[in-house]
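If you want the building blocks of each chain, they are given just below.
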Amino acid sequence: QVQLVESGGGLVQAGGSLRLSCATSGRTFSYYVMAWFRQAPGKEREFVASITQFGGTTYADSVKGRSTISRDNAKNTVWLQMNNLKPEDTAVYCCAANQQRETRSGNDYNRWGQGTQVTAPS
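Throughout what follows, the structure given in this document is the object of discussion. Since this is a predicted model, take the numbers as computed values, not measurements.

Calculation notes
Residues numbered from 1 in each chain as written. Predicted model: local features only at pLDDT ≥ 70, side-chain atom pairs only at ≥ 80, totals over all residues. Heavy atoms only, no water. Disulfide = S-S within 2.5 Å. Helix = DSSP H or I, 4+ residues; strand = E, 2+ residues; numbered from the N terminus. Buried < 20%, exposed > 50% of the residue type's maximum accessible area, 1.4 Å probe, protein only. Contact = heavy atoms within 4.5 Å. Pairing = 2+ DSSP bridges. Axes fitted to C-alpha atoms, helices over the stretch in contact; angles between N-to-C directions. Phe/Tyr/Trp six-rings, centres within 6.5 Å; stacked < 30°, edge-to-face > 60°. Lys NZ or Arg CZ within 6 Å of the ring centre and 35° of its normal.

### Overview of the state of the cysteines
For step 1, the next point in the chain: Using the criterion set out here, one finds 1 disulfide in the structure.
For step 2, the next point in the chain: Each disulfide pairs two cysteine sulfurs, and for C22 the partner residue is C95, the sulfurs being separated by 1.9 Å. Its torsion about the S-S bond being 50 degrees, the disulfide of C22 and C95 is classed as right-handed. Of this pair, C22 sits in strand β3 (residues 18–24) while C95 is found in strand β9 (residues 91–98), placing the two residues 73 residues apart along the sequence.
For step 3, the next point in the chain: The class for C22 is buried, based on a relative accessible area of 0%.
For step 4, the next point in the chain: For the unlinked cysteine C94, the closest cysteine sulfur is that of C95, found at 7.5 Å.

This is the structure in structure tokens:
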């Protein structure tokens, strides 16, 4: 089973950039669809981006054009590069994994990390 550990969050000025990392354990990382979700205080969890086992990507409209999800199966790692951060990007960002299909629904992911905080104050 794959275990997920996020890093790279922090406090950044609006307009700045961050690169989030999700390091995984286990030998089957390449079998998983990987995704990033976020949850802001008082709000529901929100899909951010996903990447298939073969590198196909999907983005939420709210981050499209400002974010890039990527993976390296040899390093068992997935990244989320976020540029031009906005105050509304402030949230806890979690990576997630599932072996079934690329989907925007968090309910379809059965492996989750603990999350990393991203704060972009106004």
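Once the structure has been displayed, the description carries forward.
### Concerning the environment of G106
For step 1, the next point in the chain: Its place among the elements puts G106 in the loop between β9 and β10 (111–112).
For step 2, the next point in the chain: Residue classification places G106 among the buried positions, given a relative accessible area of 10%.
For step 3, the next point in the chain: Each C-alpha atom of the pair G106 and Q39 lies 11 Å from the other, and the pair is 67 residues apart in sequence.
For step 4, the next point in the chain: Those residues in contact with G106, other than ones at most four positions away along the chain, are F37, R45 and W112.

### Notes on unusual backbone geometry
For step 1, the next point in the chain: With a phi angle near 55 degrees, N76 is a residue other than glycine that sits in the positive phi range.
For step 2, the next point in the chain: Within the secondary structure, N76 sits in the loop between β7 (67–72) and β8 (77–82).
For step 3, the next point in the chain: Here N84, not a glycine, exhibits a phi torsion of approximately 50 degrees, which is positive.
For step 4, the next point in the chain: Relative to the elements of secondary structure, N84 occurs in the loop between β8 and β9.
For step 5, the next point in the chain: Judged by its relative accessible area of 41%, N84 is partly exposed.

### Focus: the sheet that holds strand β1 (residues 4–7)
For step 1, the next point in the chain: Pairing is antiparallel across the open sheet formed by 4 strands, whose spatial order is β1-β3-β8-β7. Each end of this open sheet is capped by a strand with a single partner; those strands are β1 and β7. Direction aside, the axes of adjacent strands within the sheet are offset by 15 degrees on average.
For step 2, the next point in the chain: Inspection of the sheet shows β3 paired to β8 by 6 bridges, in the antiparallel sense.

### Side note on the packing of aromatic side chains
For step 1, the next point in the chain: A full pass over the atoms with the stated rule returns 4 aromatic pairs.
For step 2, the next point in the chain: Between F37 and W112, the aromatic rings sit 5.1 Å apart at their centres with planes inclined by 50 degrees, giving tilted as the arrangement. Of this pair, F37 sits in strand β4 (residues 33–39) while W112 sits in strand β10, and the two are 75 residues apart along the sequence.
For step 3, the next point in the chain: Taking 6.4 Å as the distance between ring centres and 70 degrees as the angle between the ring planes, the aromatic pair formed by Y109 and W112 counts as edge-to-face.
For step 4, the next point in the chain: For Y109, a relative accessible area of 4% translates into the label buried.
For step 5, the next point in the chain: Overall, W112 belongs to the partly exposed group, its relative accessible area being 27%.
For step 6, the next point in the chain: Taken together through their ring pairs, the aromatic side chains of F37, F47, Y109 and W112 make up a single cluster.
For step 7, the next point in the chain: The cationic tip of R45 hangs over the ring face of F37; the distance from NZ or CZ to the ring centre is 5.8 Å.
For step 8, the next point in the chain: Above the face of the F29 ring, R71 is positioned so that its terminal group lies 4.5 Å from the ring centre.

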